[in-house]
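Residues per chain are reported as follows:
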Amino acid sequence: MFLEVCIKASGFGACLADDMGLGKTIQAIALLGGIREGAVRKRGLGHSPHLVVLPSGLRFNWQRELSRFYPDFYILDFADYMESKDKEKVDVIIISYEMVRRNIEFLKKIVFDVIIFDEIQAVKNIFAGRTGAVRQLASQFKLGLTGTPLENHVGEYYSIMDLLVPGLLGQYSRYWQKMKGDEVGASVARTKPFVLRRTKDLILKDLPPKLSTDVLLTMSSYQSQLYSSVLQQVRTQIKEAYEQKGEPQARLIALTALLRLRQICL
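Report follows, based on the coordinates. These numbers were taken from a predicted model, which means no experiment stands behind them. (Residues numbered from 1 in each chain as written. Predicted model: local features only at pLDDT ≥ 70, side-chain atom pairs only at ≥ 80, totals over all residues. Heavy atoms only, no water.)

**A word on the overall build of the chain**
From N to C terminus, the chain includes 13 helices and seven strands. Scored against the burial criterion, the 266 residues of the chain give a buried share of 40%. At a minimum sequence separation of 6, the contacts of the chain that also span at least 24 residues come to 73%. (Helix = DSSP H or I, 4+ residues; strand = E, 2+ residues; numbered from the N terminus. Buried < 20%, exposed > 50% of the residue type's maximum accessible area, 1.4 Å probe, protein only. Contact = heavy atoms within 4.5 Å.)

Structure (structure tokens):
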């Protein structure tokens, strides 16, 4: 397994950049489980918690997936961890990038076992405050997860890879000066051993059949009345816009109306 090889061979860090839907979260959980069970051996400090850093909107998804695929883990959100009297029993702490920035003075005193950065492109700007904060976090191993192609921008690529494998690309000022022509390809090639990117086309034959489930939700009487009322309003607005303001502006008003109706449905 790519992650096992990285953690055994170097301990520096790695980036899992598979396409969306190929199970990056499960692979990361499998790594933590392998460490817990001794199947993945590495240098360590005894019992030290893992840290999962992510956009706030993914917090509950990670809690659900961890509970589902490795229920033996004692998982706490960072806010609950701060209040806990049994911090030494915690296996996994979940925290948002913004909370890292706000609490870095506390967090940088802890040496975590593994730090997982989900949607690591959130720290692609090396000059941003949240990037400066996460770079102060200490761990035995760092893993970045992203479904976004990393090589879109050489500056962003440096920010991500230097977080995971510090020093591999040298100083930022010298790196930026060299990023012309063939130097870009050479820089990416240097990081290839630490990056795994697979597309769905490459491993389609290994994927199980796709399962789809349609869940139909019915509005309550109040919700239905509200939706119908707003629908009538926006129909009138759109009609007037096409008659009085021209097609370009009317299209914008129509898009805004659709978003408003979607918000009501949600």
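There is more to say after this.
**Focus: the packing of aromatic side chains**
Taken as a whole, this structure holds two aromatic pairs when the rule is applied. When the ring centre of Phe-60 is taken as origin, the NZ or CZ atom of Arg-59, which lies over that ring, is 4.7 Å away. Sitting over the ring of Tyr-81, Lys-87 keeps its end group 5.5 Å from the ring centre. (Phe/Tyr/Trp six-rings, centres within 6.5 Å; stacked < 30°, edge-to-face > 60°. Lys NZ or Arg CZ within 6 Å of the ring centre and 35° of its normal.)

**Some details on the packing of helix H12 (residues 221–244) against helix H13 (residues 247–265)**
It is the contact of H12 with H13, at a shortest axis distance of 9 Å, that shows an interaxial angle of 175°. Between H12 and H13, the angle falls in the class roughly antiparallel. Residues Leu-226, Tyr-227, Val-230, Leu-231, Gln-233, Val-234, Ile-238, Ala-241 and Tyr-242 of H12 form the contact with H13, whose own contacting residues are Glu-247, Ala-250, Arg-251, Ile-253, Ala-254, Ala-257, Arg-260, Leu-261, Ile-264 and Cys-265. For the contact of H12 with H13, the residue count by class is 15 nonpolar, one polar and three charged. (Axes fitted to C-alpha atoms, helices over the stretch in contact; angles between N-to-C directions. Parallel < 35°, antiparallel > 145°, perpendicular 65-115°, else oblique. Nonpolar A, V, L, I, M, F, W, Y, C, P; charged D, E, K, R; others polar.)

**Regarding the packing of helix H2 (residues 24–37) against helix H3 (residues 59–69)**
Where H2 meets H3, the closest approach of the two axes is 10 Å, and the angle between their N-to-C directions is 55°. By the angle between their directions, the pair H2 and H3 is classed as oblique. Remark: the crossing between H2 and H3 carries right-handed chirality. Residues Thr-25, Ile-26, Ala-28 and Ile-29 of H2 form the contact with H3, whose participating residues are Trp-62, Glu-65, Leu-66 and Phe-69. Looking at the contact of H2 with H3, its residues break down into six nonpolar, one polar and one charged. (Left-handed = near helix turned anticlockwise from the far one by under 90°.)

**As for H2**
Between its terminal C-alpha atoms H2 stretches 20 Å, which fits the 20 Å expected from 14 residues at 1.5 Å a residue. Counting buried residues in H2 gives 10 out of 14 residues, a clear majority hidden from the surface. Among the residues of H2, those classed as buried are Lys-24, Thr-25, Gln-27, Ala-28, Ile-29, Leu-31, Leu-32, Gly-33, Gly-34 and Ile-35. Among the residues trailing H2, Gly-38 stands out with phi positive, at a value near 85°. (Expected span 1.5 Å × (residues − 1).)

**Overview of the side chain of Lys-142**
Within the secondary structure, Lys-142 is located in strand E6 (residues 138–145). Of note is the side chain of Lys-142, whose polar atom sits 3.3 Å from the backbone oxygen of Leu-137. Each residue touching Lys-142, except ones within four places of it in the same chain, is listed here: Phe-12, Gly-13, Ala-14, Ile-115, Phe-117, Leu-137, Leu-163 and Leu-164. (Polar contact = N/O pair within 3.5 Å; in protein donor to acceptor, adjacent residues only side chain to side chain.)

**Digging into the pairing of strand E2 (residues 50–54)**
By the criterion of burial, E2 is predominantly enclosed, with five of the five residues buried. Every second residue of E2 is oriented toward a common face, with His-50, Val-52 and Leu-54 on one face and Leu-51 and Val-53 on the other, all of them buried. Direction of pairing for E2 relative to strand E4 (residues 92–96): parallel, over a ladder of five bridges. Note that in E4 the partner of Val-53 across the bridge is Ile-95. Summarising the sheet, E2 and strand E5 (residues 111–118) pair through three bridges and their orientation is parallel. Note on E5: the bridge partner recorded for Val-53 is Phe-117. (Pairing = 2+ DSSP bridges.)

**Notes on the side chain of Ser-96**
You can see Ser-96 is positioned in strand E4. In this structure Ser-96 comes out as buried when scored by relative accessible area, which is 12%. Setting aside residues no more than four positions away along its own chain, Ser-96 makes contact with Val-53, Leu-54 and Ser-56.

**Topic: the sheet that holds strand E3 (residues 75–77)**
Spatially, the seven strands line up as an open sheet ordered E3-E4-E2-E5-E6-E1-E7, and their pairing is parallel. Because the sheet does not close on itself, it has two edges, and the strands there are E3 and strand E7 (195–196). Inspection of the sheet shows E3 paired to E4 by three bridges, in the parallel sense. For Ile-75, the partnering residue across the bridge sits in E4 and is Val-92.

These values are about where atoms sit, not about what they do.
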